[in-house]
Amino acid sequence: MSWLNDLFADGEDQAPNSESVQASPAAADPVQAPTEPTGSIHSGGGFCETLHGGDLPPWERGQNGASADIEGMRGGLQTGLAVLAKNYRGRELELIARLQTALDTNDLGLPPFPDTVIKLRGLLDSDRVDSAEISKLVRTDPGLAEEVWRVASSAAMGGQRPKTLQQAVGRLGHQQLWKVAMFVALDEALFQVTSFEEEVLFLRGHGTHVADLAEWMAPNRLKGQAWMGGLLHDSGKLLICRMASEVGVPNNAPVLATLMDHCHSGLGGLVANSWNMPQAASAIAFHHGEEDPVGRLIHRADIASHGAGAALQGLDDVRAQAALAAQEGGTFSTSALMDKAIQLAEKDRQAA
Ligand SMILES: [Fe+2]
Ligand SMILES: [Fe+2]
């Protein structure tokens, strides 16, 4: 997806390097501060019970099912699910069987990625981008056209209603247009799950926050992939919610947190692969580890996002800070990342 790199290469807001920023005192001495609770704390301030499980912090839960190739991911997930199946019965066992069937048949039950967005990608990636052709394409998708109008008319864009759709498209610019198109596509394909509205809202907000943070951290050549991978990094959790909804497992069933802990990285990789996004698939599958360069950025953004969620609720983010400090490779500091995470989360909160 080299087009993603080009599309995002003009990002002006680059992360500072570690020479210019000192590590925070909390990271240096984590024992002195009280810890934040475990579980999934929304960077915008919410707390999601279904996604909360165990004593480990969220960024240490879910590294299973990752592999360098798709078949390896599928095999790893199948092995893990076969073990889990022995511990459940009834609807919870049905959910595990539903996942096993999806892996066996290579059919996750997701709608195809919208054709308009795939075509838009092609237009934005072409050597000679034609704005009239782009607006003609946008016009064919009423949901996308409506959202482009809405964003182009928003206060953040000056508050003036554009005269034509082509003017609205031009006002957004290619990068913003792509982001709007992705949100519209995902709202239709992934972010609608009956009886799991709270979880979906949480995961959408968390994905957006991690995407923006990972993009900010990434070097220009990886910004597009970092944003895309960040947005979809927990899509495996959404897939689990979706299948649970289909088989009638309620959102407070204990099996959900277990499945999310065991499977969501690999499942997310398969979601991206099923939509023909191979590089995002690898980054998502490895977003709880260091193996993939983009996955590593997403991993740090994920930790910082959970830490910012705790900090904004007046809780100590000492565990997140310690985890970030332990992973620093000299590119940027823990305090710079946490500051940015809190700043973006506050912006999201005001926009909500
Ligand atoms: Fe995750
Ligand atoms: Fe996450």
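To be clear, the structure that these remarks concern was listed above.
Residues numbered from 1 in each chain as written. Chains lettered and ligands numbered in written order. Predicted model: local features only at pLDDT ≥ 70, side-chain atom pairs only at ≥ 80, totals over all residues. Heavy atoms only, no water.

A.B. asks: Any details on the overall build of the chain? Residues and values, ideally.
C.D. replies: Along its length, the chain carries 16 helices and two strands. For the chain, buried positions account for 53% of its 352 residues. Intrachain contacts of the chain at a sequence separation of at least 6 include 72% that bridge at least 24 residues. Accessible surface, the chain as shown: approximately 15200 Å² in total, 49% of it carbon and sulfur. (Helix = DSSP H or I, 4+ residues; strand = E, 2+ residues; numbered from the N terminus. Buried < 20%, exposed > 50% of the residue type's maximum accessible area, 1.4 Å probe, protein only. Contact = heavy atoms within 4.5 Å. Areas by Shrake-Rupley, 256 points an atom, 1.4 Å probe, with all protein chains shown as cover.)

A.B. asks: Go over the packing of helix 9 (residues 197-217) against helix 14 (residues 293-312) with me, naming the residues and quoting the values.
C.D. replies: Each packed pair of helices is defined by two parameters, the angle between the axes and the distance between the axes. Put simply, helix 9 and helix 14 touch, their axes get as near as 8 Å, and they point 125° apart. Judged by the inter-axis angle, helix 9 sits oblique to helix 14. Crossing angle aside, the handedness with which helix 9 passes helix 14 is right-handed. Counting all contacts with helix 9, which are made through H206, H209, V210, L213, A214 and M217, the residues of helix 14 involved are L297, I298, R300, A301, D302, A304, S305, H306 and A308. Partitioned by chemical class, the residues of the contact of helix 9 with helix 14 number nine nonpolar, four polar and two charged. (Axes fitted to C-alpha atoms, helices over the stretch in contact; angles between N-to-C directions. Parallel < 35°, antiparallel > 145°, perpendicular 65-115°, else oblique. Left-handed = near helix turned anticlockwise from the far one by under 90°. Nonpolar A, V, L, I, M, F, W, Y, C, P; charged D, E, K, R; others polar.)

A.B. asks: For the coordination of the iron ion (ligand 1), give the residues involved together with the corresponding values.
C.D. replies: With distances of 2.1 to 2.4 Å, the protein atoms coordinating the iron ion (ligand 1) are D234 (OD), H264 (NE2), H287 (NE2) and H288 (NE2). The coordination sphere of the iron ion (ligand 1) comprises four donor atoms, whose angles at the metal cover 82 to 170°; the geometry is irregular. As a motif over one chain, the donors of the iron ion (ligand 1) read D-x29-H-x22-H-H. Distance-wise, the iron ion (ligand 2) is placed 3.9 Å from the iron ion (ligand 1), both being coordinated by D234. Taken together, the residues H264 in helix 12 (residues 254-274) and H288 in the loop between helix 13 (278-285) and helix 14 connect sequence positions 24 residues apart. (Donors = N, O, S within 2.8 Å, 3.2 Å for Na, K, Ca; no water. Tetrahedral: all angles 85-135°; square planar, octahedral: opposite > 155°, others 65-115°.)

A.B. asks: Talk me through the environment of V249; I want residue IDs and the actual numbers.
C.D. replies: Within the secondary structure layout, V249 lies in the loop between helix 11 (235-247) and helix 12. When its relative accessible area of 3% is taken as the criterion, V249 is described as buried. Linking V249 and E94, residues 155 residues apart in sequence, is a C-alpha distance of 8.7 Å.

A.B. asks: Describe helix 3 (residues 70-85), listing the residues and the values that go with them.
C.D. replies: Here helix 3 is 16 residues long and its end C-alpha atoms lie 22 Å apart, about the 22 Å a rise of 1.5 Å per residue gives. Of all the positions in helix 3, only M73, R74, L77, L81, L84 and A85 are classed as buried. Taken end-on, helix 3 shows its buried residues confined to a sector of 95°, consistent with a single buried face. In helix 3, the exposed residues that point more than 90 degrees away from the buried face are E71, T79 and V83. (Expected span 1.5 Å × (residues − 1). Arc of directions from axis to C-beta.)

A.B. asks: Could you give me a rundown of the pattern of salt bridges, with the residues and numbers involved?
C.D. replies: The full count for this structure, using the stated rule, is eight salt bridges. For D187, the salt bridge goes to R204, with nearest N and O atoms at 2.8 Å. In this pair, D187 sits in helix 8 (residues 165-189) while R204 sits in helix 9, placing the two residues 17 residues apart along the sequence. Between E290 and R300 there is a salt bridge, and its shortest N-O distance comes to 3.4 Å. Remark: R300 occurs in helix 14 and E290 occurs in the loop between helix 13 and helix 14; sequence separation between them is ten residues. Residue class for E290 comes out partly exposed when judged on its relative accessible area of 34%. (Salt bridge = Lys/Arg side-chain N within 4 Å of Asp/Glu carboxyl O.)

A.B. asks: Which residues make up the coordination of the iron ion (ligand 2), and what values do they have?
C.D. replies: Taken together, the protein ligands of the iron ion (ligand 2) are H206 (NE2), H233 (NE2), D234 (OD) and D302 (OD), with distances of 2.2 to 2.3 Å. One way to put it: the four donor atoms around the iron ion (ligand 2) meet at angles of 75 to 176°, and that makes the site irregular. Between the donor residues of the iron ion (ligand 2), the gaps in sequence give the motif H-x26-H-D-x67-D. Among the residues examined, D234 registers a relative accessible area of 7% and is labelled buried. Owing to a relative accessible area of 1%, D302 belongs among the buried residues under this scheme.

A.B. asks: How would you summarise unusual backbone geometry if you had to cite specific residues and measurements?
C.D. replies: Of note, N106 is a non-glycine position whose phi angle comes to about 55°, a positive value. On the secondary structure map, N106 appears in the loop between helix 4 (90-105) and helix 5 (115-125). At N276, a position not held by glycine, the phi torsion is positive, near 60°. According to the relative accessible area criterion, N276 is exposed, its value standing at 54%.

A.B. asks: Mind laying out the side chain of R242, listing which residues take part and the relevant values?
C.D. replies: Its location among the elements puts R242 in helix 11. No salt bridge is formed by the buried R242, whose closest oppositely charged neighbour, E246, lies at an N-O distance of 4.2 Å. Non-local contacts of R242, meaning those with residues more than four positions away in its chain, are made with G109, L110, P111, A189, L190, Q192 and V193. (Lys, Arg positive; Asp, Glu negative; His and termini not counted.)

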